[in-house]
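Structural characterization, general
What follows is each chain in one-letter form.
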Amino acid sequence: RGLVNNANLCYSNSVVQNICPLSLFVEFLKQCDVAEERRGGRTFHRAIRALCENFFQDWKKPKPIDTSKAAWGGAGVTTTRKANSNPFDTKDVAGVVLDKWLKFITEPKHGRQQDAAEFFLFILEHLHEECKFMQRAKNVKGADEDGWCHTDRRGRKKDIRLGVDNYDSPVRRMFGGTYQRDSYMLKGQHRESAVIEHFNILDVPVDGYDTLVKALDAWCSFEECIDEDDSGHRQKTAETQCLFDQLRPILILHLKRYRFNKFTGASKKLEHMVAYPEKLVISKKWLTKSFLSKYEVPTYELVGLIAHDGQRVNSGHYRAMCRYGANNEWYQFNDTSVSPHPLRKDQYLGQRTAMMLYYVDTNATVDIRPH
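Let us look at the structure shown here.

Reading guide: rules and limits
- Residue positions are counted from 1 within each chain, in the order its sequence is given.
- At least 70 in pLDDT is required for a residue's local features to be given in this predicted model, at least 80 for side-chain atom pairs to be given and counted, and no such filter applies to totals for whole chains, interfaces and linings, which use all residues.
- Note that water and hydrogens are dropped before the side-chain values are worked out from all heavy atoms of the structure.
- The secondary structure listing takes helices from DSSP runs of H or I that are at least 4 residues long and strands from runs of E that are at least 2 residues long, numbered from the N terminus.
- Residues belong to a common nonpolar core when they are buried Ala, Val, Leu, Ile, Met, Phe, Trp, Tyr or Cys residues joined through side-chain atoms within 4.5 Å.
- Per-residue accessibility, obtained with a 1.4 Å probe over protein chains only, is compared with the maximum for each type, and a residue is labelled buried under 20%, exposed over 50%, and partly exposed between these values.
- Here, a strand pair is defined by DSSP locating no fewer than two bridges between the strands.
- Between 30 and 60 degrees the pair is tilted, below 30 it is stacked and above 60 it is edge-to-face, where a pair is any two Phe, Tyr or Trp rings, Trp via its six-membered ring, whose centres lie within 6.5 Å.
- Points on a 1 Å grid over protein atoms alone make up a cavity when a 1.4 Å probe fits among them but cannot get out, and a pocket when they form an open set with protein on both sides within 12 Å along at least five of seven lines; lining residues each have an atom within 4 Å of a point.
- Grid points are joined across faces, edges and corners, and a volume is the space filled by probe spheres set on the points.
- Only Asp, Glu, Lys and Arg are considered charged, only Ala, Val, Leu, Ile, Met, Phe, Trp, Tyr, Cys and Pro nonpolar, and every remaining residue, Gly among them, polar.
- Multiplying 1.5 Å by the helix residue count minus one yields the expected span of that helix.
- Whether two residues are in contact is decided by their heavy atoms: any pair within 4.5 Å suffices.
- Angles here are taken between N-to-C directions and fall from 0 to 180 degrees, while the axes themselves are lines fitted to C-alpha atoms, restricted in helices to the stretch in contact.
- Comment on the angle field: the value is read as roughly parallel under 35 degrees, roughly antiparallel over 145, roughly perpendicular from 65 to 115, and oblique elsewhere.
- Each crossing gets its hand from how the near helix is turned against the far one by less than a right angle, where anticlockwise is left-handed and clockwise is right-handed.

This paragraph deals with the environment of D367. Inspection of the secondary structure assignment puts D367 in strand β17 (residues 365-367). Taking the C-alpha atoms as reference points, D367 and R173, 194 residues apart in sequence, are found 7.9 Å from one another.

In terms of nonpolar packing, the biggest core is built from 56 residues, with F25, F120, F175, M356 and Y358 touching the most fellow members. No other element matches the nine residues that helix α6 (residues 116-131) contributes to this core. If you look at the next biggest cluster of nonpolar residues, it comprises 36 residues, including L216, W286, F291 and A307.

As paired elements, strand β9 (residues 258-261) and strand β10 (residues 266-269) share four bridges and run antiparallel to each other. Pairing of N261 across the sheet is with A266, part of β10. Between the end of β9 and the start of β10, which pair antiparallel, lie four residues, with G265 showing a positive phi angle near 75 degrees.

Moving on to the pairing of strand β14 (residues 329-334). In the sheet, strand β13 (residues 317-324) pairs with β14 via five bridges, with the strands oriented antiparallel. Bridging across to β14, M321 finds its partner in Q332. Where β13 folds back onto β14 in an antiparallel hairpin, the turn is made up of four residues, including G325, whose phi is positive at roughly 95 degrees. Bridge analysis of β14 against strand β15 (residues 337-338) gives two bridges, and the strand direction is antiparallel. Opposite F333, over in β15, you have V338 as the bridge partner.

On to the packing of aromatic side chains, then. For the coordinates displayed, the defined rule picks out 18 aromatic pairs. On the basis of an interplanar angle of 45 degrees and a centroid distance of 6.3 Å, the ring pair of Y11 and W101 is categorised as tilted. Placement of Y11 in helix α1 (residues 10-19) and of W101 in helix α5 (residues 90-104) is noted, with a sequence separation of 90 residues between them. For W101, a relative accessible area of 0% corresponds to the buried category. Ring geometry for F199 against F244: centres 6.1 Å apart, planes inclined by 55 degrees, an arrangement best described as tilted. Linking F199 in strand β4 (residues 192-199) with F244 in strand β7 (residues 234-247), this pair joins segments that are 45 residues apart in sequence. For F199, a relative accessible area of 4% translates into the label buried.

We now examine empty space enclosed by the protein. Applying the stated rule across the entire model yields one cavity of 30 Å³ or more. In this structure, the largest cavity encloses a volume near 40 Å³. Lining the largest cavity are S12, V16, I48, L51, T90, A94, V97, L98, F119 and I123. The set of elements that each furnish at least two residues to the lining of the largest cavity consists of α1, α4 (43-55), α5 and α6. If you tally residues by element for the lining of the largest cavity, the top one is α5, at four residues. Grouping the constituent residues of the lining of the largest cavity by class yields eight nonpolar, two polar and no charged.

Its 13 residues give α4 an end-to-end C-alpha distance of 18 Å, which sits within 8% of 18 Å, the value for a rise of 1.5 Å per residue. Among all positions in α4, only F44, H45, A47, I48, R49, A50, L51, C52 and F55 are buried.

Turning our attention to unusual backbone geometry. Here the phi dihedral of N328 falls at roughly 55 degrees; this positive angle occurs in a residue that is not glycine. Its location among the elements puts N328 in the loop between β13 and β14. Given a relative accessible area of 24%, N328 falls into the partly exposed group. Look at D335: it is not a glycine, yet its phi comes out positive at around 55 degrees. Secondary-structure assignment places D335 in the loop between β14 and β15. When its relative accessible area of 10% is taken as the criterion, D335 is described as buried.

With respect to the helices, strands and loops of the structure, N13 is situated in helix α1. The buried category is assigned to N13, whose relative accessible area is 0%. Other than its neighbours up to four places away in sequence, N13 contacts L3, V4, N5, T90 and D335.

Now for the packing of α5 against α6. Helix-helix packing is characterised by the crossing angle of the two axes and by the distance between the axes. Interhelical geometry of α5 versus α6 gives an angle of 115 degrees and a closest axis separation of 11 Å. Relative to α6, α5 is oriented roughly perpendicular. Remark: the crossing between α5 and α6 carries right-handed chirality. Taking contact as the criterion, the partners of V97, L98, K100, W101 and F104 in α5 are, on α6, E118, F119, F122 and I123. Along the lines of polarity and charge, the residues of the contact of α5 with α6 split into seven nonpolar, no polar and two charged.

See the structure below:
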């Protein structure tokens, strides 16, 4: 269904219209703890669930879940519903989400354009907080839970530090993954270390790159760390590299299309075309040795995107495009308007203003039980 935009809410509308067709996410919402809902718990969970109930006019009650087989497969898109342009207002259904969001952002001006990626990340973090499991033991000895020992380029054990909260949840198991940031010192003790960071949405700089694959290649390449002494002499003191250590079924990439000018304090939008594939094959050179030892290299399919029209950060307009319906065909959602006919391939793969790309591993399953 379409969504009403009466206060510059196209950024939130595009996010909702892209996550609701994700079948894995919908199944997660369906399996809410009904007793906890009645006690008034999980306000975000209930609000996002209500959005999906209204987005799908023929929402059906979930079947009782078999906790002995508590795993969901098919991380693709919903296939049993038809697109409907009969719009509704997000604020009438999930006002608590928008109210908390406006209190959270630094400039909560009513009617001002906001960032779609930040809004989606805000939703995921709150859902994670509401449904996280018991804290796991931290890994600080250089070996993961399966006993794989991380080593440096000289074959020595490498110190591993977790840079995020160490709580598990269904959200953590569905979205994003973790990456390992390796640091290689070029002087002094030459000690090498790594930090493992979690991400729900991956920020991918695209300045200077015309394809997504080239941008990811650069993201996973070595980066020089330059220090400047009091005399102004600059020298390289270290190198860092980021590699994926875990990847989840839903991979959302945020193309960073803005270049900040430190002299003017303004941001300029990068409007060049960044080609993105319908099937994203993860390169082995983007992965850690630990990943390659434990998992198969995934292949992702594009199921949705958000495009931004306009030249400024705090203005413009967001549109959503996603695969939807019985034949997994592509449709455009533009606030209240839903395209009546499927999009052509060049329409959903040729968006010069694409800002967020939604990829899923359709062969993946998610275990929802605490480990």
